[in-house]
Amino acid sequence: MAETFQVAIVGSGPAGLSAAARAAMLGMSHVLLEKTDHLSDTIYKYQKGKHVMATPSNLVLRSDVDFDAGKREVILGLWDEQIAGHKVNVKYHAEVAKIEGEKGAFALTLRNGEVVQAAAVVLAIGTQGNPNKLRCPGADAPMIQYQLDDPGEYYDEHITVIGSGDAGIENALGLGADPAQRNVVTILNRSADFARAKAANVALLEEAEREGRLIVRRETEPAEVLNGELLLSTRDGQEAIRCDRIIARTGSQPPRGFVEGMGIEFSSPEPGAFPKLSPVFETTKPGIHVIGALAGYPLIKHCMNQGYDVIEFLNGNADLKPADEPILAEKFGALPGNRSVEEWLEVFGQNILILNDLSTLQLRELMLDSTCHAYDPGDVIFRRNDPGSSMFAIAEGSVAVEVNPADPSITVAIEQGSIFGEVGLISGRRRGATVRAAEPVIALELSRTAALKLLATSPGAARAVNAISVERQLLQMFGSGLTKADVAPLVASAEVMQARAGQVIVTEGADDKDVFIIRRGSMIVEKQIGDRPVFLSYLPAGSYFGEMAVIDGSLRTATVKAAIKSEVIRLPGEGFLALLDANPTLREKALADMAGRRATNAFIEGQKDSFSSAVDMYSQTAQFLVDNGIGEATDVLLIDEKLCIGCDNCEKACADSHDGLSRLDREAGKTYAHLHVPTSCRHCEHPHCMADCPPNAIKRGPDGEVFIDETCIGCGNCQRNCPYGVIRMDAKPPKKPSLLQWMLFGSGPGPGEAPYSWRKKKAEAEGAPKAKLAIKCDMCSGIDGGPACVRACPTGAAIRVAPDKFLTFTKLTEDVE
Amino acid sequence: MASAAKNRFKQDEKRRDSDHVSFLKHRKFRWLWIALALSAATIAGYALIDQQPRPNGGTWYGYTLGTIGLALIVWLSLLGVRKRRINPGAWSLKAWTSAHVYLGCSLVVVGTLHTGFQIGWNVHTLAYVLMLLVIATGIYGVVVYATLPASLSANRREMTRAQMLEALTAIDRQLESAAQPLGRDEADLVIAALEQDTFHGGALARLTGRYPRCATARALRGMDSGSEAATRVTALLEKRRNQLAQIRGALRIRALLEVWLFVHIPLTIALIAALAAHVISVFYYW
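Residues numbered from 1 in each chain as written. Chains lettered and ligands numbered in written order. Predicted model: local features only at pLDDT ≥ 70, side-chain atom pairs only at ≥ 80, totals over all residues. Heavy atoms only, no water.

(A) Local environment of the overall build of chain A. For chain A, the count of helices and strands is 25 helices and 43 strands. Rg of the C-alpha trace for chain A: 30 Å, near the compact-globule value of 28 Å for 817 residues, within the 12% margin. Judged by the C-alpha coordinates and their principal axes, chain A covers about 85 × 70 × 70 Å. When burial is assessed residue by residue, chain A has 54% of its 817 residues classed as buried. Contacts spanning at least 24 positions in sequence make up 68% of the contacts within chain A whose residues lie at least 6 apart. (Helix = DSSP H or I, 4+ residues; strand = E, 2+ residues; numbered from the N terminus. Rg over C-alpha atoms; globule rule 2.2 N^0.38 Å. Buried < 20%, exposed > 50% of the residue type's maximum accessible area, 1.4 Å probe, protein only. Contact = heavy atoms within 4.5 Å.)

(B) The arrangement of the pattern of salt bridges in detail. If you walk through the whole model with that rule in mind, you get 55 salt bridges over all chains. Between A:Glu508 and A:Lys527 there is a salt bridge, with its nearest N and O atoms 3.5 Å apart. One end of the pair, A:Glu508, is in the loop between strand S29 (504-506) and strand S30 (515-520); the other, A:Lys527, is in strand S31 (residues 522-529), and 19 residues separate them in sequence. Owing to a relative accessible area of 27%, A:Glu508 belongs among the partly exposed residues under this scheme. On the basis of relative accessibility, which here comes to 12%, the residue A:Lys527 falls in the buried class. Counted as one network, the salt bridges with shared partners bring together A:Glu207, A:Glu211, A:Arg213 and B:Arg173. (Salt bridge = Lys/Arg side-chain N within 4 Å of Asp/Glu carboxyl O.)

(C) Seen up close, the interface of chain A and chain B. On the side of chain B, 48 residues touch chain A, which itself brings 63 residues to the contact. Roughly 4800 Å² is buried in total at the junction of chain A and chain B, and carbon and sulfur atoms are behind 49% of that figure. Interface area lost by chain A to chain B is led by A:Ile645, A:Glu667 and A:Arg791, which between them contribute 14%. The tally of links between chain A and chain B comes to six salt bridges. (Buried area = accessible area lost by both parts, 1.4 Å probe.)

(D) Structural detail: the domain arrangement of chain B. Residue and element names in this part refer to chain B. Partitioning chain B into domains gives domain 1 (28-152 + 261-284) and domain 2 (154-258). For domain 1 and domain 2, the distance between their C-alpha centroids amounts to 45 Å. Opposite the nine residues of domain 1 that make contact, domain 2 presents nine residues. A buried area of about 840 Å², summed over both sides, lies between domain 1 and domain 2, and 64% of it is on carbon and sulfur atoms. Looking at the side of domain 1 facing domain 2, the largest losses of area belong to Leu-148, Ser-151 and Leu-152, adding up to 58% of the total buried there. Counting across the domain 1 and domain 2 interface gives seven residue pairs in polar contact (both at pLDDT 80 or more). (Domains from an automatic or database assignment. Polar contact = N/O pair within 3.5 Å; in protein donor to acceptor, adjacent residues only side chain to side chain.)

(E) Focus on the packing of helix H8 (residues 325-333) of chain A against helix H9 (residues 341-351) of chain A. All names here are of chain A. Where H8 contacts H9, the two axes come as close as 10 Å, and the packing angle between them is 70°. Put simply, H8 runs roughly perpendicular to H9. In this structure, H8 crosses over H9, and the sense of that crossing is left-handed. Contact with H8, carried on its side by Glu-325, Leu-328, Ala-329 and Phe-332, involves Val-341, Glu-342, Trp-344, Leu-345 and Phe-348 of H9 and no other residues of that element. Class assignment for the residues of the contact of H8 with H9 results in seven nonpolar, no polar and two charged. (Axes fitted to C-alpha atoms, helices over the stretch in contact; angles between N-to-C directions. Parallel < 35°, antiparallel > 145°, perpendicular 65-115°, else oblique. Left-handed = near helix turned anticlockwise from the far one by under 90°. Nonpolar A, V, L, I, M, F, W, Y, C, P; charged D, E, K, R; others polar.)

(F) Highlighting a nonpolar patch on the surface. A surface patch of nonpolar side chains, about 740 Å² in accessible area, is lined by A:Leu740, A:Met743, A:Leu744, A:Phe745, B:Leu70, B:Val74, B:Leu78 and B:Val81. By residue number, the principal contributor to the nonpolar patch is helix H21 (residues 739-745) of chain A, which donates four residues. By secondary structure assignment, the location of B:Leu78 is in the loop between helix H3 (60-77) and helix H4 (79-84). (Patch = residues over 30% accessible without salt bridge, like charges linked within 9 Å, V, L, I, M, F, W, Y side chains within 5 Å. Areas by Shrake-Rupley, 256 points an atom, 1.4 Å probe, with all protein chains shown as cover.)

(G) Up close: the side chain of A:Glu325. By the element assignment, A:Glu325 lies in helix H8. Residues contacting A:Glu325, with those up to four places away along its chain left out, are A:Val341, A:Glu342 and A:Arg364.

(H) Examining the environment of A:Leu32 more closely. Residue and element names in this part refer to chain A. The residue Leu-32 is located in strand S2 (residues 30-33) in this model. Taking relative accessible area as the criterion, Leu-32 reaches 0% and is therefore assigned buried. Residues Leu-32 and Val-7 lie 25 residues apart in sequence; the distance between their C-alpha atoms is 8.8 Å. If we ignore the near neighbours within four places in the chain, the residues touching Leu-32 are Ile-9, Gly-11, Ser-12, Gly-16, Leu-17, Ala-20, Leu-39, Val-88, Asn-89, Val-90 and Lys-91.

(I) Fine view of the packing of aromatic side chains. Summed over the entire model, instances satisfying the criterion amount to 20 aromatic pairs over all chains. Residues A:Phe332 and A:Phe348 carry aromatic rings whose centres are separated by 5.9 Å and whose planes lie at 20° to one another, so their mutual orientation is stacked. Separated by 16 residues along the polypeptide, A:Phe332 in helix H8 and A:Phe348 in helix H9 bring together distant segments of the chain. When sorted by exposure, A:Phe332 lands in the same class as A:Phe348, which is buried. Taken together through their ring pairs, the aromatic side chains of A:Phe535, A:Phe603, A:Tyr618 and A:Phe809 make up a single cluster. The ring of A:Trp344 has A:Arg339 lying over it, and the distance from NZ or CZ to the ring centre is 4.1 Å. Of note, B:Arg248 hangs over the ring of B:Tyr211, and the distance from its end group to the ring centre comes to 4.1 Å. (Phe/Tyr/Trp six-rings, centres within 6.5 Å; stacked < 30°, edge-to-face > 60°. Lys NZ or Arg CZ within 6 Å of the ring centre and 35° of its normal.)

(J) Geometry of the sheet that holds strand S35 (residues 566-571) of chain A. Residues and elements named next belong to chain A. Read across the open sheet, the four strands follow the order S28-S35-S30-S33; overall the sheet is antiparallel. Of all strands in the sheet, those bounded by a partner on one side alone are strand S28 (495-499) and strand S33 (544-545). Note: S30 against S33, two bridges, orientation antiparallel. Note that in S33 the partner of Ile-517 across the bridge is Tyr-544. Against the sheet, helix H13 (residues 459-477) touches S28, S30, S33 and S35, its axis set at about 115° to S30. (Pairing = 2+ DSSP bridges.)

(K) Layout of the confidence of the model for chain B. Put simply, chain B has an average pLDDT of 91, and 96% of its residues get 70 or more. When the criterion is pLDDT under 50, residues 1-5 of chain B qualifies, and its contacts beyond four places in sequence or with other chains add up to three contacts. (pLDDT = per-residue confidence, 0-100.)

(L) Just the sheet that holds strand S23 (residues 399-402) of chain A, in detail. All names here are of chain A. Taken together, the four strands give an open sheet; going across it, the order is S21-S26-S23-S24, and neighbouring strands pair in antiparallel fashion. Edge positions in the sheet fall to strand S21 (380-382) and strand S24 (411-414), since each of these pairs with one other strand and no more. Here the average twist between neighbouring strands, direction ignored, is 35°.

(M) Examining the nonpolar core more closely. Residue and element names in this part refer to chain A. Counting 59 residues, the largest nonpolar core has Leu-33, Trp-79, Ile-99, Leu-108 and Leu-123 as the members making the most contacts within it. When residues of this core are assigned to their parent elements, the largest contribution, seven residues, is made by helix H1 (residues 14-26). Apart from the residues within four sequence positions on either side, Leu-123 is in contact with Val-10, Ile-99, Val-259, Met-262, Ile-264, Ile-288, His-289, Val-290 and Ile-291. Counting 41 residues, the second largest nonpolar core, distinct from the first, contains Phe-516, Ile-518, Ala-562 and Val-626. (Core = buried A, V, L, I, M, F, W, Y, C linked by side-chain atoms within 4.5 Å.)

(N) Layout of H3(B). Residue and element names in this part refer to chain B. Taking 1.5 Å of rise per residue, the 18 residues of H3 would be expected to cover 26 Å, and the 26 Å separating its terminal C-alpha atoms lies within 8% of that figure. Within the span of H3, buried status applies to Tyr-61, Gly-62, Leu-65, Gly-66, Gly-69, Leu-72, Ile-73 and Leu-76. Each buried residue of H3 sits inside an arc of 135° when the element is viewed along its axis, so together they form one side. Facing away from the buried side of H3, by more than 90 degrees, are the exposed residues Trp-60 and Thr-67. Residues of H3 that are buried make contact with helix H2 (26-48), H4, helix H5 (93-115), helix H6 (123-147) and helix H13 (261-284). (Expected span 1.5 Å × (residues − 1). Arc of directions from axis to C-beta.)

(O) Summary view of the pairing of strand S37 (residues 665-672) of chain A. Residue and element names in this part refer to chain A. The pairing of S37 with strand S38 (residues 675-679) spans five bridges and is antiparallel. By the bridge assignment for S38, Tyr-672 is matched with Leu-675. Between the end of S37 and the start of S38, which pair antiparallel, lie two residues, with Ala-673 showing a positive phi angle near 50°.

(P) Up close: the domain arrangement of chain A. Residues and elements named next belong to chain A. Taken as a whole, chain A is organised into domain 1 (4-129 + 254-314), domain 2 (144-252), domain 3 (325-464), domain 4 (494-611) and domain 5 (625-813). Computed from C-alpha atoms alone, the centre-to-centre distance between domain 3 and domain 5 is 33 Å. Tallying the contact residues gives ten residues for domain 3 and eleven residues for domain 5. Here domain 3 packs against domain 5, burying approximately 870 Å² in sum over the two surfaces, 39% of which is carbon and sulfur. Where domain 3 meets domain 5, there are two salt bridges. Residue Asp-804 is joined to Arg-429 by a salt bridge in which the shortest nitrogen-to-oxygen separation is 3.3 Å. Here domain 3 is connected to domain 5 by six residue pairs in polar contact (both at pLDDT 80 or more). Of all the secondary structure elements, the ones that give two or more residues to the side of domain 3 that touches domain 5 are helix H11 (422-427) and helix H12 (448-457). The greatest single-element share of the side of domain 3 that touches domain 5, amounting to three residues, is contributed by H11.

Written as structure tokens, this is what we have:
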């Protein structure tokens, strides 16, 4: 029988490497299992010369392997050298297929059938997952590859690309680009059209097909991989084609299924959840440990520290303090009371209800992304209309919410252990009320990312936040005068509903009687007039609808549907009526609101006869803007092309206001009736770019702008996640000569973004190349006068608007000339 | 900090809510009213003030008008700098353009009154005539700025300039392979069309949109529609002609929007030179 290692480490990324190096240094018997033939595959696959960043800079690196920011090649070279130097036992081509056994005796079966025995397992496999294999006989044939690094290296081959996404199309186009390579390239698509790919890629593919540069086979699937041939199953039966190489790009399988298969529990069924871990990274399956990105720590330094720590714990070192100890000590240092890190963690973990379920490890991590505050009585914590998407939790003391903007003396208390600010987090809109400390307060401010991670990983916290937010939204919607007891029955019967973009919530003419509150996202109201729908109004998060039918018992007078992916709270009509009956002032307010909406409807309908074209224009323009994602914007650049002379002064001003790179593309984008939506950030209510930022560098600033701070590591996730293509990756260009020098002596490239060639030449002359980082609009935060694009427009064509202000009849039909 | 954020919020809300009017209508024609008031005041002054021996640039009122005119001209010419210098300062280029247009027009009144209607063959009149020419070209600019942008936008059909050229390249690639079976003469016509510089024709063609030597049009005329290949090539040539028409349309409108600047700005520089000569000579011979 083979040797039983003390520890088997699966995955040789930064976490696995660091763990293996520590095990080697401690003299533990170990094996590092890597599925490819090189270390650290994720970083290996970065593009050539990519600058790898080392954030957070305040975190000390605790590892036997060195790491500092630098080029991919330098880092990989250093690791190869040090892993060899530490005499780490690395086993390449060792993809683990399954792990069985119990603590002390695990059997790791590799893909090739070999079995590795180990007393403990450290999983450091990251979150990339494995590419989906072909689901047909012969799927293990050596001619199948799942990655295409350089399309230029293949000649005289018959190559079949399988997969109809962007990756597959781009690979096929690359392989067929140069006729001199004499490749016969075929791309297979299971369905008739390429619905998952970008329109631009599909257009290129179709053009290449017309020109005969490659063969596109639709409604075709691989049936069997044979030697030198591929059997296809088509609409008209089976057919064999010559095939020397298969590039399979059919997506990848997240590692969760594999991990759960070992008996490891995750904290929740949400896709963003991570495995449940003890303070020593042990999973619910004793003996198996999880570290690195799979544990929820995507940054290289975190991963390496955990690799070191997990091996120390396994080796019996119980006194090791986590590497983040000094950071937490500094965070807590500002708080009064002189308590230790452990004491503070206990205060926060026990006093704050939504944190009760967290493990120490989770709590520490949460603290890293959060800010601790101490307030004196009367201190303002935030003001009404401040932008903010963070959530606050009260560890000690209580706060007062000013519910009536006209009279700050009317307040509602929120007690110790509860939360506030959650409306900003959920709706993405500005703070609804000013909050002050009522007594000395110790509060924890959870950043948007930290709060969302908490909600995704702790079902208890999610339920608690949900209930509180529905209650508060009701109280806020109905203004002052209501108490928690008044709305309690309604809260109990409320139901949170998800709505995808375009989903109809209320249908014109129907006789259902529910009332809805928009919790996040936005809705549009439409009415069928004559033979087509006419856009009536736009409803942002925080508004309610559906009350008319309840109050006067009529049929639904208009259709309401989601402008973007939204969440609504559904309240049963009877409960709403009961609440109105009990509160006469509330009824009056509802009736007044109702009269307002009736007036809008009547106005549009009245206009329909006399100014039919104006109504059409309004309705279609509004629909066009909503289709272009304006519904989720908070501040969006529009260009009135009846005024735009195409001088590009907006782009030049943008570049000159921000390090010499323009953050907007005026010409690109859609246009309807001379209203143009250029490629430029809309500062979404729920920014897509924030979804997956490893260093949490994307934040919402004091003026509501979504910006990227200096901790950006240049990974490009935000660029890929932005549906509007407004983020670019580029290096900060060298400084240009001044405007005067250009005007008088013609030196330098002049105002605006310097041409790429100038930037490159100048940067080379200046020495060390700079890292390509993500750049995007920051709404000219900190610049006197506001957005430069608008200020620099000579004719008034460039405007920045908010949808709730702009999507109105007057705005969309006004004569601007 | 909180109060600063609050101010910016109010300012942002105002911008998000209302600031959607052209430079001509800016702030309910504020600069038009100021320019009219300036003109009316100078005319009234001219009519009411008894200038001895006669209305002339050399009376105290004449000097006043001259100083106003000179100050205006210098300030108006600074628009070129303002446009290229975005920061610092909370100014708006639209407001500057609005003021530039209306105050520039009022110079016709101020300048003319300053002459006292004494016109002759001298450097003084040269400055006056240059000023009128600059204003005339400027008025052309205002007219095209107000009328052409809509057609620029319509011609674009959501394509960027780069995309228009890419579309042409894509047609050319198809044309090249489709033309392979053609005979010598027809193939030569297609080759000539493909080889011709997209931007040929010079300034006149660009401004008029007429390209008499367009090889694509010539190739279309020379195509026989006999063979299948010729039909295919004809269809592609038509596509090419339409794509060229879009590119040329964009070039033409851009040229019309910009051509006046090539007169307006050199004339402004000449005006400033003549003005300097005018002022120096007046003080020299005082």
